[in-house]
Amino acid sequence: MKFISIILGGVLISNFVFIQYLGLCAFIGLSEQLETAVGMASAVIFVMTGASAVAAAFEQFILIPLNLQYLRTIAYILVIAAFVQLVEIFLKKTAPGLYKAMGIYLPLITTNCAVLGVALLNVAKSYNILYSTVNGIAGALGWSLAIIIFAGIRERWKLMQIPDVLKGFPLALISTGLMSLAFLGFSGLFQGILK
Amino acid sequence: MNGKRSLLHDFTKGFIEENATFRMVIGMCPTLAVTTSIVNGFWMGVAVIFVLTFSNVLVSALRKVTPDQIRIPIFVILIATPVVIVELMMKAFLPDMYRILGVFVPLIVVNCIIIARSEAFAYRNPVLNSLLDGLGIGMGYTINLMVIGGIREFLGTGKIVLFSLGSFPAKPLFDPMAVMLSSPGGFITLGLLMAVLNILIKRSEARKSAGQQVCHD
């Protein structure tokens, strides 16, 4: 039951983009084309799942026994950086087109606050390694859902007449706000069912 | 003379010319997440000023011994140091604020503003310039956070609380719109603010070009 509630919570109820404001730079920067958005989403799913598992293990086996929890921020950022490097090498070999399309944003996953955010939130909620991994997957799926829906919306803008002053960021933020309003509706949905 | 003016410019450019939120559109997550009131925005801003100045000075001081290929990981470590300091200080002296800002205090370490200033400015400029750049950009960012926080607080609660001075006005002026305090309110406020800013910029540009045409005639 706890797994279901973590997954539903991560994907819908406390969606990273719409409710928790995490990973917005990449969300807005990479959502102009559906293809790029899908690529970024897959990279984020891989990095976020891996990073939350490795970070949770790091916490349990190194930081807690050595009483070094105050170094958590620095330790986590290193773990994430190593993971991003791995994804980068992997993509460069297997999908060079996608690698090129993502450009600067792939190394920027390191500074994607959603990835570090989920690792820190896992600690705050005192999840064990298994729950942390599930929470990482759920958060990443929620983030991917958000960016893919949003990229679909943005592709339609090309066919529309938009006032000059709203072009680009203002309209992106306002539509994100409206979608977030929709996601806010999930907040009460499962309260009775899942405790 | 020239050197002095450039120092002053390094400080002042963070307020308007290179304003982090509105001109460069970076550091969005905390801009939206912690701006539910002026006070929250202020303390987040103070934390960012400290980290940005500290990390700019460190990066700039070490720029000659930093190998080019691995500069980004080095920046991240240099940035993480002041972030941990801020985190521990806040936990000790402002525990309530630390609880409100939550995960966004350690997340300063991945705030694009900090790493962007390291890469674009501190890595190429002397220590004093970098110090002023950090202060300027940080203060500009703090003002943004407080403005957005003020708007959301006023619309969301009907009043504004200014630190220990109490709230103005004492009673809400209208039925508070609670949605402004939750996530959609943040996105929509920032989006509309940017649109208004675009209108203002367009107007001033139109006026300038109209003035130039008069001169040509």
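Structural data are supplied above this passage.
None of the values given here were measured: they were computed from a predicted structure. (Residues numbered from 1 in each chain as written. Chains lettered and ligands numbered in written order. Predicted model: local features only at pLDDT ≥ 70, side-chain atom pairs only at ≥ 80, totals over all residues.)

1. Here's the deal with the overall build of chain A
For the record, the criterion: Runs of E in the DSSP output that reach at least two residues are strands. Runs of H or I that reach at least four are helices, and both are numbered from the N terminus. For this measure, only C-alpha atoms enter the radius of gyration; the expected value for a globule follows 2.2 Å times N^0.38, where N is the number of residues.
Scanning chain A from N- to C-terminus turns up eight helices and zero strands. Helices (α) and strands (β) of chain A occur, in sequence order from the N terminus, as α-α-α-α-α-α-α-α. Expected size for 195 residues packed as a compact globule is a radius of gyration near 16 Å; at 17 Å, chain A falls within 12% of this value. Principal axes of the C-alpha set define a box for chain A whose edges measure 60 × 45 × 25 Å.

2. What about the overall build of chain B?
Counted only if it meets this: The contact criterion used here is simple: two residues whose C-beta atoms, placed from the backbone, lie within 7 Å are in contact.
Assigned secondary structure in chain B consists of eight helices and two strands. Considered along the principal axes of its C-alpha atoms, chain B spans approximately 65 × 60 × 30 Å. By sequence separation, contacts in chain B at least 24 residues apart represent 76% of the contacts at least 6 residues apart.

3. Points about the interface of chain A and chain B
Note the cut-off: Residue classes follow a fixed rule: Ala, Val, Leu, Ile, Met, Phe, Trp, Tyr, Cys and Pro count as nonpolar, while Asp, Glu, Lys and Arg count as charged, and any other residue, Gly among them, counts as polar.
On the chain B side, the residues contacting the 31 residues of chain A number 35 residues. Those elements giving two or more residues to the side of chain A that touches chain B turn out to be α2 (24-29), α4 (72-94), α6 (113-124) and α8 (169-184) of chain A. Top element by residues in the side of chain A that touches chain B is α8(A). It accounts for nine residues. Class assignment of the residues belonging to the side of chain A that touches chain B gives a composition of 24 nonpolar, seven polar and no charged.

4. Some thoughts on the packing of helix α3 (residues 38-61) of chain B against helix α7 (residues 127-157) of chain B
Residues and elements named next belong to chain B. Keep this limit in mind: Only the stretch in contact is used when a helix axis is fitted, and all axes are lines through C-alpha atoms; the angle between N-to-C directions ranges over 0 to 180 degrees. Comment on the angle field: the value is read as roughly parallel under 35 degrees, roughly antiparallel over 145, roughly perpendicular from 65 to 115, and oblique elsewhere. By the definition used in this description, the sense in which the near helix is turned from the far one sets the handedness, with an anticlockwise turn below a right angle giving left-handed and a clockwise turn giving right-handed.
One can describe the packing of α3 onto α7 by two numbers: an axis separation of 8 Å at closest approach and a directional angle of 165°. As judged from the angle between their axes, α3 and α7 are roughly antiparallel. In this structure, α3 meets α7 at a crossing whose hand is right-handed.

5. Points about the environment of Val44(A)
Residue and element names in this part refer to chain A. Stated precisely, the cut-off is as follows: Three exposure classes are used, all based on how many other C-beta atoms lie within 10 Å of a residue's own C-beta (placed from the backbone): buried at 20 or more, exposed at 12 or fewer, and partly exposed between those limits.
Looking at where valine 44 falls in the secondary structure, it is placed in helix α3 (residues 34-63). Since 27 C-beta atoms lie within 10 Å of it, valine 44 is described here as buried. Along the sequence, valine 44 and isoleucine 13 sit 31 residues apart, while their C-alpha atoms lie 19 Å from each other. Excluding anything up to four places from it in sequence, valine 44 contacts Ile109, Ala140, Trp143 and Ser144.

6. A closer look at the environment of Ile79(B)
Residues and elements named next belong to chain B. Locating isoleucine 79 in the fold gives a position in helix α4 (residues 71-93). Here isoleucine 79 falls in the buried class, since 28 other C-beta atoms lie within 10 Å of it. Taking the C-alpha atoms as reference points, isoleucine 79 and valine 109, 30 residues apart in sequence, are found 6.1 Å from one another. Sequence-distant contacts of isoleucine 79, defined by excluding residues within four places in its chain, comprise Val51, Ser55, Val109, Ile114, Ile115 and Ser118.

7. Some words on the nonpolar core
Formally: Put simply, a nonpolar core is buried Ala, Val, Leu, Ile, Met, Phe, Trp, Tyr and Cys residues tied into one set by C-beta atoms within 7 Å.
Judged by nonpolar contacts, the single largest core of 106 residues is most densely connected at Ala51(A), Leu116(A), Ile147(A), Val51(B) and Ile79(B). A per-element tally of this core places α3(A) first, with twelve residues.

8. Topic: α8(A)
Formally: By this rule, a helix spans an expected 1.5 Å times one less than how many residues it contains.
Spanning 16 residues, α8(A) covers 22 Å between terminal C-alpha atoms, matching the ideal 22 Å at 1.5 Å per step. Those residues of α8(A) not exposed but buried are Pro170(A), Leu171(A), Ala172(A), Leu173(A), Ile174(A), Thr176(A), Gly177(A), Ser180(A) and Phe183(A).

9. Considerations on α7(B)
Under the 1.5 Å per step criterion, the end-to-end length of α7(B) is 43 Å for 31 residues, consistent within 8% with the ideal 45 Å. Backbone geometry just downstream of α7(B) places Gly158(B) in the positive-phi region, at approximately 85°.

All we've got here are geometric facts, nothing functional implied.
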